[in-house]
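Notes for the structure review
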Amino acid sequence: MIYFSGTYNTKILVDLTSTIFNNKGYVVKAVDVTKGKVEDVSDFDILVIAYPIYAFNAPYPIIDYVKRLNKVSKDIKCLILKDSGEYLSLNNASSLQLASILNKKNIKVFSEYHYLMPYSFVFRHTDYMAYKMLSIIKERLPLDIDDFLNGNHHYLKRFIFDRPFSFIFRVQRLGGKINGKHYRIDYNKCIKCNKCLNNCPANNIKLIDDKYIFGNKCLMCQRCSVNCPKQAISVGFFKKWAIGPSYSFSEVTTYQKEVKPKYCARSYKRYFEESEKRINHE
Ligand SMILES: Cc1cc2nc3c(=O)[nH]c(=O)nc-3n(C[C@H](O)[C@H](O)[C@H](O)COP(=O)(O)O)c2cc1C
Ligand code: SF4
Ligand code: SF4
């Protein structure tokens, strides 16, 4: 399993997936693409790729990793698991670039599933919603993996605008490099714990003369700002979209009203209805 996770939402999906496969007797190797060396996937029967959708696309570290994979000569079943803050159809084309690179390596995408996780950017969901989203994944994922292992393909529906949107928004990768240099730290709040510096997946933060300097390799993953214990990092031009602190995902049973943009309401309704049907085998 190869994965990228910014604020660790996708890492939760990856850990759940590992447990499901382990319980079925599979030996799983999970590789964080920002840390692990490039594997020879010919050694494996199944390739799972997990990523959060960034600007209607797969994040660049996943693309870069897959580009560096060897061409394979055996049949490998590939499963894509992606999560995002929004169940918009415009997100459906996010794996196109990835699938086309995989094709060149002789790896065909067998199935793809999309799950809702709370936004790591743009606006903050309530902890109630985060818990609800995770609860749904816990019920859906085992069913989806069973379907995959039983040989049932699952593709996401295609729409007229998803492909051009996905293509145009690849510009986010460049935007990250420009915006990343404008991240700033409020030294009245910062406790110099180095958490941001030590955990940046792009090694983009340096400590120079007792000041944290952000370079031009930023992925906009928000790991530094969301997980800063003092909420001391402002994220450049997009500072109004910062969402910290991180979600707890622990049980919240009392309803909390969401302050979310109107465009979300319809797609969330659709996701929750679809999930309910799936879980109840309707
Ligand atoms: C730079 C960036 C761009 C994003 N773009 C999208 C998007 O296009 N569509 C969407 O539904 N969610 C988008 N999101 C939300 C994430 O996909 C979502 O919160 C995901 O669960 C984050 O996972 P992670 O914690 O593993 O990084 C974006 C988040 C970031 C940081
Ligand atoms: S994580 Fe926050 S408190 Fe810790 S060094 Fe970075 S900015 Fe300062
Ligand atoms: S600087 Fe922050 S947002 Fe940019 S890549 Fe590093 S952790 Fe992610």
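Here we summarise the structure given alongside this text. In this text the structure is predicted, and so the values were computed from the model without any measurement.

**Quick look at helix H1 (residues 9–23)**
Between its first and last C-alpha, H1 extends 22 Å over 15 residues, near the 21 Å set by a 1.5 Å rise per residue. Within the sequence span of H1, burial applies to Asn 9, Thr 10, Leu 13, Val 14, Thr 17, Ser 18, Ile 20 and Phe 21. Each element contacted by the buried residues of H1 is listed here: strand E1 (2–3), strand E3 (46–52), strand E4 (77–84), strand E5 (109–116) and helix H4 (127–149). Looking one or two places after H1, you find Gly 25, whose phi comes out positive at around 95 degrees.

**Quick notes on the site of ligand 3**
Around ligand 3 there are 13 residues in total, and Cys 200, Cys 218, Leu 219, Cys 221 and Cys 224 lie nearest to it. By residue class, the composition of the shell around ligand 3 is 10 nonpolar, two polar and one charged.

**A few points about the packing of aromatic side chains**
Under the definition given, this model contains 17 aromatic pairs. Seen in terms of ring centroids, Phe 56 and Phe 165 are 5.4 Å apart; in terms of plane orientation they differ by 90 degrees. Their pairing is edge-to-face. Here Phe 56 is found in the loop between E3 and helix H2 (60–67), whereas its partner Phe 165 is found in helix H5 (residues 162–168), with 109 residues between them in sequence. Consider the rings of Phe 238 and Trp 241, whose centres lie 5.4 Å apart with planes at 35 degrees: the pair is tilted. The ring of Phe 148 has Lys 77 sitting right over it, with the charged end atom 4.8 Å from the ring centre. Note that Lys 132 overlies the ring of Phe 272, its terminal NZ or CZ placed 4.1 Å from the centroid.

**Considering the site of ligand 1**
Lining the immediate environment of ligand 1, one finds 24 residues, of which Ser 5, Thr 7, Thr 10, Ile 53 and Asp 83 sit closest. For ligand 1, an oxygen atom lies 2.9 Å from a polar atom in the backbone of Phe 56. In isolation ligand 1 exposes 640 Å². Once the protein is present, 96% of that is buried. Across the shell around ligand 1, the residue classes break down as 11 nonpolar, 11 polar and two charged.

**Considering H2**
For H2, the set of buried residues is Pro 61, Ile 62, Ile 63, Tyr 65 and Val 66. Against the buried residues of H2 lie E1, strand E2 (31–32), E3, helix H3 (96–104) and helix H6 (172–180).

**Focus: the sheet that holds E3**
Here five strands make up an open sheet; going across it, the order is E2-E1-E3-E4-E5 and the pairing parallel. Of all the strands in the sheet, just E2 and E5 have a single pairing partner and so form its edges. Relative to the sheet, H3 contacts E3, E4 and E5, its axis offset from that of E3 by approximately 155 degrees. Sheet strands touched by H4: E3, E4 and E5. Its angle to E5, the strand with the most contacts, is close to 170 degrees.

**Observations regarding the environment of Gly 25**
Residue placement: Gly 25 occurs in the loop between H1 and E2. Residue Gly 25 is classed as exposed on the basis of its relative accessible area of 62%. Sequence separation between Gly 25 and Phe 237 is 212 residues, and the spatial gap between their C-alpha atoms is 48 Å.

**Points about the pairing of E5**
Along E5, eight of the eight residues are buried, which leaves the element largely enclosed by surrounding structure. Where E4 and E5 come together, seven bridges link them in parallel fashion. What sits directly across from Cys 78, in E5, is Val 109. Once the chain exits E4 it traverses H3 before rejoining the sheet at E5, and the crossover so formed is right-handed.

**So, the nonpolar core**
Core analysis: the largest hydrophobic core is formed by 45 residues, its most contacted members being Leu 47, Ile 49, Ile 62, Val 66, Leu 98 and Leu 102. When residues of this core are traced back to their parent elements, those giving at least two are E3, H2, E4, H3, strand E6 (183–185), helix H7 (195–199), strand E8 (211–214) and strand E9 (233–235). Among the elements that make up this core, the one with the highest residue count is H2 (four residues). Looking at which domains feed residues into this core, each of domain 1 (2–168) and domain 2 (176–236) gives three or more. Here Leu 47 is in contact with Ile 2, Val 41, Ile 76, Lys 77, Cys 78, Leu 79, Leu 102 and Ile 107, once residues within four sequence places are set aside.

What counts, and where the lines are drawn
For every chain, the first residue of the written sequence is number 1, and numbering continues from 1 onward in sequence order. All chains are assigned letters beginning at A, and all ligands numbers beginning at 1, according to the order in which they are written. Residues qualify for local features only when their pLDDT is at least 70, as the model is predicted, and side-chain atom pairs are given and counted only at 80 or more; totals for whole chains, interfaces and linings, by contrast, use all residues. Side-chain measures here rest on the full set of heavy atoms in the structure, leaving out hydrogens and waters. Numbered from the N terminus, helices here are DSSP runs of H or I no shorter than four residues, and strands are runs of E no shorter than two. A helix's residues, less one, multiplied by 1.5 Å, set its expected span. Relative accessibility decides the category of a residue: with a 1.4 Å probe and only protein chains considered, values under 20% of the type maximum give buried, values over 50% give exposed, and everything between is partly exposed. Contacts: residue pairs with any heavy atoms within 4.5 Å of one another. Nearness is judged by heavy atoms alone; a residue qualifies as near a molecule or strand once a single heavy atom is within 4 Å of it. For this scheme, ten residues count as nonpolar: Ala, Val, Leu, Ile, Met, Phe, Trp, Tyr, Cys and Pro. Four count as charged, namely Asp, Glu, Lys and Arg, and the remainder, Gly too, count as polar. Stacked, edge-to-face and tilted labels apply to pairs of Phe, Tyr and Trp rings (six-membered ring for Trp) whose centres lie within 6.5 Å, assigned for plane angles under 30 degrees, over 60, and everything in between, in that order. A ring is scored as having a charge over it whenever the NZ atom of a lysine or the CZ atom of an arginine sits within 6 Å of its centre and within 35 degrees of its normal. For the purposes of these results, a polar contact is taken to be a pair of N or O atoms within 3.5 Å, where, inside protein, one atom must be able to donate a hydrogen and its partner to accept one; residues adjacent in sequence count only when each atom of the pair is a side-chain atom. Every accessible area reported is derived by Shrake-Rupley at a probe size of 1.4 Å, with residue values counting cover from the shown protein chains alone. Whether two strands pair comes down to DSSP finding at least two bridges between them. Interaxial angles span 0 to 180 degrees and are taken between N-to-C directions of axes, which are lines fitted to C-alpha atoms, for helices over the stretch in contact. The crossover handedness rule: strands pointing away from the viewer, path from first strand over the helix to second strand clockwise, crossover right-handed. Only buried residues count toward a nonpolar core. Its members are Ala, Val, Leu, Ile, Met, Phe, Trp, Tyr and Cys residues joined through side-chain atoms within 4.5 Å. Domain delimitation follows an automatic or database domain assignment.

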